[in-house]
Protein chains: 2
Amino acid sequence: MRYDRSQLFKSAFVYLITTQSPNKTMKEVVPVSCSLCNKSSISSFKDLSEEEIGKLSQSKTCSFFKKGQILMHEGARAAGVFCIHSGKTKLYRMGTEGREQIIRFAQGGELVGYRSVLSGEPLSASIEALSDTHACFIPKALFFDFIQTNPKFSLEMMRLACHELGEAGKLITNLAQKSVRERVAEVLMILKDTFGETEEGYIDVSLTREEIASMVGTVTETAIRILSEFKESGIVILKGRKIQIVQPKELLRIAQIFD
Amino acid sequence: MRYDRSQLFKSAFVYLITTQSPNKTMKEVVPVSCSLCNKSSISSFKDLSEEEIGKLSQSKTCSFFKKGQILMHEGARAAGVFCIHSGKTKLYRMGTEGREQIIRFAQGGELVGYRSVLSGEPLSASIEALSDTHACFIPKALFFDFIQTNPKFSLEMMRLACHELGEAGKLITNLAQKSVRERVAEVLMILKDTFGETEEGYIDVSLTREEIASMVGTVTETAIRILSEFKESGIVILKGRKIQIVQPKELLRIAQIFD
DNA sequence: CCTAGAGAATGACATTCGTCAACTTAGAAG
DNA sequence: CTTCTAAGTTGACGAATGTCATTCTCTAGG
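Residue indices begin from 1 for each chain and proceed along its sequence in written order. Here every chain gets a letter starting at A, and every ligand a number starting at 1, in the order they are written. Totals for whole chains, interfaces and linings use all residues, but because this is a predicted model, local features are given only for residues with pLDDT of at least 70 and pairs of side-chain atoms are given and counted only at 80 or more. The basis for the side-chain values is all heavy atoms of the structure; hydrogens and waters are excluded.

### Things to note about the sheet that holds strand β10 (residues 133–139) of chain A
Strand pairing in a sheet takes place through backbone hydrogen bonds and is either antiparallel or parallel in direction.
Piece 1. The strand order across the open sheet built from 4 strands is β3-β10-β5-β8 (chain A), with neighbouring strands paired in antiparallel fashion. Either end of the sheet is taken by a strand with one partner, and the two such strands are β3 (61–65) and β8 (111–112) of chain A. Here, any two strands with at least 2 DSSP bridges between them count as paired. A run of H or I in DSSP becomes a helix once it reaches four residues, and a run of E becomes a strand once it reaches two; helices and strands are each numbered from the N terminus.

### Topic: the pairing of strand β9 (residues 126–129) of chain B
Residues and elements named next belong to chain B.
Piece 1. Residue exposure (1.4 Å probe, protein chains only): buried if accessible area is under 20% of the type maximum, exposed if over 50%, otherwise partly exposed. In β9, alternate side chains face the same way, and those of Ser 126 and Glu 128 on one face and Ile 127 and Ala 129 on the other are all buried.
Piece 2. In this sheet, β9 lies alongside strand β4 (residues 70–72) in antiparallel orientation, the contact comprising 2 bridges. Following the sheet pairing, Met 72 is matched in β9 by Ile 127.
Piece 3. As paired strands, strand β6 (residues 88–94) and β9 are joined by 4 bridges and run antiparallel to one another. Following the sheet pairing, Leu 91 is matched in β9 by Ile 127.

### Overview of the packing of helix α4 (residues 140–149) of chain A against helix α5 (residues 151–177) of chain A
Residues and elements named next belong to chain A.
Piece 1. Angles run from 0 to 180 degrees between N-to-C directions of axes, and those axes are lines fitted to C-alpha atoms, restricted for helices to the stretch in contact. Between α4 and α5, whose axes approach to 5 Å, the crossing angle comes to 110°. With respect to α5, the axis of α4 lies roughly perpendicular. Across the interface between the two elements, Phe 143, Phe 146, Ile 147 and Thr 149 from α4 touch Pro 151, Phe 153, Ser 154 and Met 157 from α5.
Piece 2. Looking at the contact of α4 with α5 residue by residue, the classes come out as 6 nonpolar, 2 polar and no charged. Orientation labels follow simple angle bins: below 35 degrees gives roughly parallel, above 145 gives roughly antiparallel, 65 to 115 gives roughly perpendicular, and whatever is left gives oblique. Here, residues are in contact when the closest pair of their heavy atoms is within 4.5 Å. Following the grouping adopted for this structure description, the nonpolar residues are Ala, Val, Leu, Ile, Met, Phe, Trp, Tyr, Cys and Pro, the charged ones are Asp, Glu, Lys and Arg, and the polar ones are all others, Gly among them.

### Regarding the protein's contact with DNA strand D
Piece 1. Near DNA strand D you find 19 residues, and of these Arg 209 and Arg 225 of chain A together with Val 180, Thr 218 and Thr 222 of chain B are the closest.
Piece 2. Near-protein atoms of DNA strand D (within 4 Å) split between backbone and bases, with sugar and phosphate holding 64%.
Piece 3. The term polar contact refers here to a pair of N or O atoms within 3.5 Å; inside protein, the definition further demands a hydrogen-donor-capable atom paired with an acceptor-capable atom, and it admits residues adjacent in sequence only when both atoms are side-chain atoms. Within the side chain of Lys 67 of chain B, an N or O atom sits 3.3 Å from a phosphate oxygen of DNA strand D.
Piece 4. Between a phosphate oxygen of DNA strand D and a side-chain N or O atom of Thr 222 of chain B, the distance comes to 2.9 Å.
Piece 5. Of all elements in the fold, only α7 (209–216) and α8 (220–232) of chain A together with α6 (180–195) and α8 (220–232) of chain B reach the threshold of two or more residues within the surface near DNA strand D.
Piece 6. For the surface near DNA strand D, the element with the most residues is α8 of chain A, which contributes 4 residues. A cutoff of 4 Å decides nearness: a residue is near a molecule or strand if any of its heavy atoms lies inside that distance of it.

### Overview of the sheet that holds β4 of chain B
Piece 1. One open sheet accounts for 4 strands, arranged β4-β9-β6-β7 (chain B); its pairing is antiparallel. What marks the edges here is a single partner per strand, and that holds for β4 and β7 (100–107) of chain B. In this sheet, adjacent strand axes meet at a mean angle of 30° when their direction is disregarded.
Piece 2. Taken together, the 7 bridges between β6 of chain B and β7 of chain B define a ladder with antiparallel strand orientation. Note that in β7 of chain B the partner of Leu 91 of chain B across the bridge is Arg 104 of chain B.
Piece 3. Sheet strands in contact with α5 of chain A are β6 and β7 of chain B, and its direction is about 130° off that of β7 of chain B.

### Here's the deal with the nonpolar core
Piece 1. We define a nonpolar core as any set of buried Ala, Val, Leu, Ile, Met, Phe, Trp, Tyr and Cys residues linked to one another through side-chain atoms lying within 4.5 Å. Counting 84 residues, the largest nonpolar core has Tyr 114 and Phe 143 of chain A together with Tyr 114, Phe 143 and Met 157 of chain B as its most contacted members.
Piece 2. Not counting residues within four places of it along the chain, the set of residues in contact with Tyr 114 of chain A comprises Val 81, Arg 104, Phe 143, Met 157, Leu 160, Ala 161 and Glu 164 of chain A together with Leu 165 of chain B.

### Focus on the relation of the copies chain A and chain B
Piece 1. Each copy is superposed on the other by least squares, with the fit set by C-alpha atoms of residues at a pLDDT of at least 70 in both. The transform that puts chain A on chain B rotates by 180° and translates by 0.0 Å along the axis, for an RMSD of 0.0 Å. Here the transformation between the copies is reduced to the relation of a two-fold axis.
Piece 2. When the interface residues of chain A are mapped onto chain B, 100% of them again lie at the interface, so the same face is used by both copies.

### Comments concerning the state of the cysteines
The term disulfide refers to a covalent linkage connecting the sulfur atoms of a pair of cysteines.
Piece 1. Note on disulfides: each one is a pair of cysteine sulfur atoms within 2.5 Å. For the structure on display, the rule yields 0 disulfides over all chains.
Piece 2. Between Cys 162 of chain A, a cysteine without a disulfide, and Cys 162 of chain B, which holds the nearest cysteine sulfur, the sulfur-to-sulfur distance is 8.2 Å.
Piece 3. Between Cys 136 of chain B, a cysteine without a disulfide, and Cys 62 of chain B, which holds the nearest cysteine sulfur, the sulfur-to-sulfur distance is 3.4 Å.
Piece 4. By relative accessible area, which is 10% here, Cys 136 of chain B ends up buried.

### Some details on the packing of aromatic side chains
Piece 1. Between 30 and 60 degrees the pair is tilted, below 30 it is stacked and above 60 it is edge-to-face, where a pair is any two Phe, Tyr or Trp rings, Trp via its six-membered ring, whose centres lie within 6.5 Å. Taken as a whole and assessed by the stated rule, the structure comprises 12 aromatic pairs over all chains.
Piece 2. Residues Phe 143 of chain A and Phe 153 of chain A carry aromatic rings whose centres are separated by 5.8 Å and whose planes lie at 90° to one another, so their mutual orientation is edge-to-face. Of this pair, Phe 143 of chain A sits in helix α4 while Phe 153 of chain A sits in helix α5, placing them 10 residues apart in sequence. Exposure class is identical for Phe 143 of chain A and Phe 153 of chain A. Each is buried.
Piece 3. Arranged with centres 5.9 Å apart and planes meeting at 20°, the rings of Phe 45 of chain B and Phe 153 of chain B form a pair that is stacked. One end of the pair, Phe 45 of chain B, is in the loop between β2 (25–31) and α2 (50–59); the other, Phe 153 of chain B, is in helix α5 (residues 151–177), and 108 residues separate them in sequence.
Piece 4. Residue classification places Phe 153 of chain B among the buried residues on the basis of a relative accessible area of 0%.
Piece 5. By the ring-pair criterion, three or more aromatic residues cluster together here, those being Phe 45, Phe 143, Phe 146 and Phe 153 of chain A.
Piece 6. Over the aromatic face of Tyr 92 of chain A sits the side chain of Lys 90 of chain A, whose NZ or CZ is 5.2 Å from the ring centroid. For a Lys NZ or an Arg CZ to count as sitting over a ring, it must be within 6 Å of the ring centre and within 35 degrees of the ring normal.

### Quick look at the interface of chain A and chain B
Piece 1. With 39 residues of chain A at the interface, the matching set in chain B holds 40 residues.
Piece 2. The term buried area refers to how much accessible surface (probe radius 1.4 Å) is lost by two components on association, counted for both of them together. Of all residues in chain A, Met 158, Ile 172 and Gln 177 of chain A give up the largest surface area on contact with chain B, accounting jointly for 18% of the area buried on that side.
Piece 3. A side-chain nitrogen of Lys or Arg and a carboxyl oxygen of Asp or Glu constitute a salt bridge if their distance falls within 4 Å. At the junction of chain A and chain B, the tally comes to 0 salt bridges.
Piece 4. Linking chain A with chain B are 15 residue pairs in polar contact (both at pLDDT 80 or more), by the criterion used here.
Piece 5. Contributions of two or more residues to the side of chain A that touches chain B are made by β7 (100–107), α3 (114–119), α4 and α5 of chain A.
Piece 6. Among the elements that line the side of chain A that touches chain B, the one with the most residues is α5 of chain A, at 19 residues.
Piece 7. By residue class, the composition of the side of chain A that touches chain B is 15 nonpolar, 14 polar and 10 charged.

### Things to note about the environment of Gln 247 of chain A
Piece 1. With respect to the helices and strands, Gln 247 of chain A occurs in the loop between β12 (242–245) and α9 (248–254).
Piece 2. For Gln 247 of chain A, the residues in contact, after removing those within four places along its chain, are Ser 233, Gly 234 and Ile 235 of chain A.

### Looking at the pairing of strand β5 (residues 80–86) of chain B
All names here are of chain B.
Piece 1. In terms of residue burial, β5 counts as a mostly covered element, since 7 of its 7 residues are buried.
Piece 2. One ladder, built from 6 bridges, connects β5 with strand β10 (residues 133–139); its direction is antiparallel. Bridging from a neighbouring strand, Val 81 pairs with Ile 138 of β10.
Piece 3. Bridge analysis of β5 against strand β8 (residues 111–112) gives 2 bridges, and the strand direction is antiparallel. By the bridge assignment, Phe 82 is partnered in β8 with Val 112.

Right, dumping it as structure tokens:
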């Protein structure tokens, strides 16, 4: 059964979702067709054919998650993967005594849940929206279909998984060998690299001190103390949850990063 | 160009490598043909066709590594993968100040180096023989050939990478949240699960205290102190590098493992 | 079987970090 | 805009763990 390309164009209108908030008007655009999605060029789906993108458009389900909502639950079986369209999410595991451990972040254009789908194991982490998030759900069956019929896509997914495995190794070494102070310094640099900076120079993500602590693997109080110390030394500027890195080189030195 | 199956049988003799040591005579058998290798049923190569196994046999290079020798160097580009035939190896990264961090172990039937080959990145860890090791080198090109032409094998590799990614997540959470004492207890159970026990009931691997410390992410002295404490409590029996777990339940309790 | 050198063990001490408690501040929801 | 609750901050203290020094012991290799 061949995919009818005319369908693609017939349905190629665009949803406009408008959220009103007191001070600003935010417009979020989620295209119905994946071929019009500006994320498709940066996501792992860049290797799909037009025909496959068409299938994707037909089978996907777009969802909206408010800040704090859970996209997927640790321990559950993933019925498919999410492609994050806009917004920021965190992936975290529950450790001993209910303490949350942030494993990584995912944002626009990135896939989440693929690890569970590909390994056939339950989800090893929960996924929670850090800000209002639009994400498209792609059923497991279609995902596997692409993997089995499109070697380029399959290789790209493998590349992604293996890359993350390397990153995990780095994180393991850091957690095992560096002091909390070193890790806080490193995490600040990682956050800047991951989320970039706003016009005013702040790291473009809003995390609680507890969340920063649960990236580093420490308690809230210690994270606060170290951040305050960096502030006193003039290394960072803190304005509530907004963090600006003033002396990146000093942070790299503290974090023992030389390369 | 079709692979000539008769070649397979012509070359299906077996190398016998005999190592003499004072007290015992050890015989290691490395088949020239992978089809005769008893590891092929447990390794990721189980999904290869007879024809592909034939190609494998022709292209592979069998090597022998003495205890302490390096199979692959962190930071180098992997020219292929190793399939461990016999022996035990450790994969480790160099952390700050040259401290070694053990990421995982690999032994008979397991593949190493595939992460680097599949992601196209330099090796994220060095691989060192913990005991005398026979391993077969499979060139990158052939490995990719299998991946691109055999979807089953490709999926199996993906499953493997994604499974390891999940394990890495667990390790990250443990390192970040558990105390050193808890981690030592857990590592002992992991070692037992990974390497099994000898007839006398000892964990079937010989690690230095420093190596145990570098799994846990602590210094040698602390590892020694905690092991001694476990010994005093009658939880383990220590005979040099030989470790016997006497009270596994107690270790699980200390490690805060409840499932 | 022997021996050098690495590994193991232990004590004393310094430092980091987690815990508990008290108090202040800011951000999300109405 | 207000208000209430969760988040942030700070101090005091103790436990866990790293560091340094010393001595003992085992193991690999001849």
